Amino acid sequence: MARGPGMKGAARAVVPAFVSALLIVAAVPFAPYQLTEEDRALLSECEGFERFLERRLAFYIDPEAEEYLNRIIERLSGGLEVPAFVRLRARLLRDPEVNAHAYADGMILVNIGIVARMRDENHLAAVLAHEISHIALYHAILHERERQRSTRLANLTSVVTGMPAETNLLHYAAMSSYNRKEEEEADIMAVRLMSRAGYDPAVVSDALKEIAVNLGEYRQVQPPIYVRTHPRPEERIGYVQRELEASKGRPVSYTGLEEREYISLTMELRRRACLENIDVYDFGTARYIAFHSLRIAPDDPGNLVTMGMVLMEWADNKRWMDHRYVKEPLEENPQRKECTRDILADPRNSPSFKNAEYYFNKALEIDPDCAEAHKQMGRLHYGRRDYEKALEEFRRYLQLAPGAHDYSAMRKRVEFLEERTAGSPKKQSPNEAGKEEEGE
Amino acid sequence: MMNAGKIPWLFVVVSLIVGAGCSSTTTKRTHPDLLAPRETVRKIALMPPRIYIERVTMKGMADPYDIIADLEDAALETARKIVPRFGFVLVPARTSYEDLLRDTQAMYDLADIQDRVSRLDLEVYQVRTTSMEAGVELVDERITEGKLRIGLEVIPFAEEAGADLLCFLQGYGVILTGKKKAVNLASGVLSGAAAETGSGFGYRCLIVDGSDGKVLTAFTGGFSLNYFGCDECGRGQPGYDEALKRFKRDLEEDLIEKLSRNLEREPGPAPGS
């Protein structure tokens, strides 16, 4: 997805029409481009946006993974004459959505969700090639110009018709068609960039299939925002295939990291992506990521604990979500019958909850001093209202992780549980109250 | 991610613009712990303010990051000036990006806490109303009864700073440029519908118990941002410094009024007065 920094900037001056035509028709990467004053303003806003994200603590901090992404970018853009105002670089965003964004100044924001979801380096390279193509075709700059032109028109129309510019459907339709055209160009150029860099260009099509599968998984959560701006995956696969057939010939000279190495290198990032997916209730994607990490490193206690957490949170969340269904008479909605049957039986005893316990136990078998496994096991017992066992696990966690960031929070939880198990009057748990009020 | 909680904020801004000066209600959103006079001095740490501004121009919506950064700094400066006047002692909190880079888990936790604060739905309940009373008193029972919490994750931040309380300030504003106001006005006249022709700013302030994440007081406030309405407003533009000064002054006045009402005490004298 190509973006200006938050969709603003300016472009009052018109970029010579032949440059646009050259970029769009011939799709020449980094064709000579003369910046206007408004373009410069847009570039400076891109810088402002990066600082803004830092202030919002939105980045995922992993220098090793970021460096790896930058190496792929370097390979893909090698030999291209990049203008001075573009500094190609990747920044990892702590966002679980399967998405990435390109900015006019060369910054590519890569969500940890997409890094974790891709199968190997080739797939990730296909995504990065798509984003580099947006930058190489100056899509962010041209898009911004088009958006401003269209909005001005919508504003003028609103003075005549009384219809607010913000609700002008013609404006949205025009922009939507423009977006789709840009995406098609970027997909086609991605095939060429992959081929130039020695990667297998057919992977672009595979990566799109992967994204299509991911899209099919969105049922209970909102689909990613790019659905509104990108053509349908089947359509994209169609024109990418045509481009692949047209550009046959160049041999594959570089395969990049294969699945095992790729997953091992991004293991920490994948665990974080699982947690972020849990936060947005996308348990399907979280389980997918945890499953593949576990497949590569089945004896890694960190992976076992992560899988256990996904299953535990899923079962726990189901309890809240299904609460709504219970209110509905079963015969009125037979499709929900199965779902409702699960909730009527206590979800704490559901297979997912038991499986979570299995994974925590396995992690503890491999490493009895795995602090995180003790903490999660404590949470599981707490969920089952087995406070004695929960207390025992939490105390063990405190012993094993005296320097942990959440040490004091956990100590507070232990104090509360000690109070409760000592038989003092029943009091609401701070954790329970917090959850309730946050609407989780 | 950036859009989280935008709609409720927009609602706050619109309500503030529409409802300014029309309300005679008083809202109680304070836990008795914070109201009761205390022997011990309470130390408070200000968490980094989060402000988001959208500029609506003829060319569409824009996010003026330079203004956002300046307003966040201005809000922090203002809060630093005001909070001690209510009897709290300010202590510095380790919250800058550079500091947090050394402890990424703390960074992620702080971002989550801030998100949670912006998602909080500060409901109020009507408790009594008679024709003899000047207004209606509204109470957020969750706060007065100590049931509203933002999570135990706040504890490490309070402990690190040596603070008893943490203060969160978050705001959302819309700046309409002159031309856009004129277009909205014309379009509103033609359609007969109410059109948005003013720039507004809404904020919420929470004071939280650092030992368990309990919200001790919370309030919302707001004022106009019309003085930012120039078409090219931004750093270095004529009138920008003056607009920033007016923002600080408005925020200061509003904060003093709301804190006095919520904490049921008058502010001490301004430093140097």
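Residues numbered from 1 in each chain as written. Chains lettered and ligands numbered in written order. Predicted model: local features only at pLDDT ≥ 70, side-chain atom pairs only at ≥ 80, totals over all residues. Heavy atoms only, no water.

**Q** Describe the overall build of chain A, naming the residues involved and giving the relevant values.
**A** Helix and strand counts for chain A come out as 19 helices and four strands. In chain A, buried positions account for 56% of the 440 residues. Restricting the contact set of chain A to residue pairs at least 6 apart, pairs at least 24 apart contribute 70%. In the form shown here, chain A has an accessible surface area of approximately 19900 Å², with 53% of it arising from carbon and sulfur atoms. (Helix = DSSP H or I, 4+ residues; strand = E, 2+ residues; numbered from the N terminus. Buried < 20%, exposed > 50% of the residue type's maximum accessible area, 1.4 Å probe, protein only. Contact = heavy atoms within 4.5 Å. Areas by Shrake-Rupley, 256 points an atom, 1.4 Å probe, with all protein chains shown as cover.)

**Q** I'd love a proper account of the nonpolar core, names of residues and values included.
**A** Counting residues in hydrophobic clusters, the biggest one holds 177 residues, and the most contacted among them are Leu76(A), Ile150(B), Leu206(B), Phe228(B) and Phe247(B). Contact partners of Phe247(B), with chain neighbours within four places excluded, come to Ile51(B), Leu71(B), Ala74(B), Ala75(B), Phe201(B), Phe223(B), Leu225(B), Tyr227(B) and Phe228(B). Ala371(A), Ala390(A), Met410(A) and Val414(A) belong to the second largest nonpolar core, which has 13 residues in total. (Core = buried A, V, L, I, M, F, W, Y, C linked by side-chain atoms within 4.5 Å.)

**Q** How would you explain the pairing of strand S2 (residues 89-93) of chain A if you had to name every residue and give the values?
**A** With respect to burial, S2(A) is a largely interior element, five of its five residues being buried. Residues Arg89(A), Arg91(A) and Leu93(A) line one face of S2(A) and the alternating positions Ala90(A) and Leu92(A) line the opposite face, and both faces are buried.

**Q** Run through the interface of chain A and chain B, naming residues and quoting values.
**A** Taken together, the contact between chain A and chain B spans 53 residues of the former and 54 residues of the latter. Along the contact surface separating chain A from chain B lie five salt bridges. Across the pair Arg55(A) and Glu72(B) runs a salt bridge whose closest N-O atoms are separated by 2.9 Å. In this structure, the connection of chain A to chain B is made through 10 residue pairs in polar contact (both at pLDDT 80 or more). Looking at the side of chain A that touches chain B, the elements that each hand over two or more residues are helix H2 (37-55), S2, helix H6 (139-161), helix H11 (267-279), helix H18 (407-421) and helix H19 (430-438) of chain A. (Salt bridge = Lys/Arg side-chain N within 4 Å of Asp/Glu carboxyl O. Polar contact = N/O pair within 3.5 Å; in protein donor to acceptor, adjacent residues only side chain to side chain.)

**Q** I'd love a proper account of the packing of H6(A) against helix H8 (residues 178-191) of chain B, names of residues and values included.
**A** Contact pair H6(A) / H8(B): the axes reach a minimum separation of 7 Å and the direction vectors enclose 35°. In the crossing of H6(A) with H8(B), the sense of the turn from one axis to the other is left-handed. In this structure, H6(A) uses Asn155(A), Ser158(A), Val159(A), Val160(A) and Thr161(A) to contact H8(B), whose residues at the interface are Lys180(B), Val183(B), Ala186(B), Ser187(B) and Leu190(B). Its residues assigned to classes, the contact of H6(A) with H8(B) comprises five nonpolar, four polar and one charged. (Axes fitted to C-alpha atoms, helices over the stretch in contact; angles between N-to-C directions. Left-handed = near helix turned anticlockwise from the far one by under 90°. Nonpolar A, V, L, I, M, F, W, Y, C, P; charged D, E, K, R; others polar.)

**Q** For the side chain of Ser118(B), give the residues involved together with the corresponding values.
**A** Residue and element names in this part refer to chain B. On the secondary structure map, Ser118 appears in helix H5 (residues 104-119). Residue Ser118 is classed as buried on the basis of its relative accessible area of 10%. Only 2.9 Å separates the side chain of Ser118 from the backbone oxygen of Asp115, close enough to count as a polar contact.

**Q** Give me the environment of Leu380(A): which residues, what numbers.
**A** Residue and element names in this part refer to chain A. Relative to the assigned elements, Leu380 resides in helix H16 (residues 371-383). Relative accessible area serves as the criterion here: at 0%, Leu380 is assigned to the buried category. The contacts of Leu380, once residues within four sequence positions are left out, are Met312, Phe353, Ala356, Glu357 and Phe360.

Take it as geometry only, folks, not as evidence of what the structure does.
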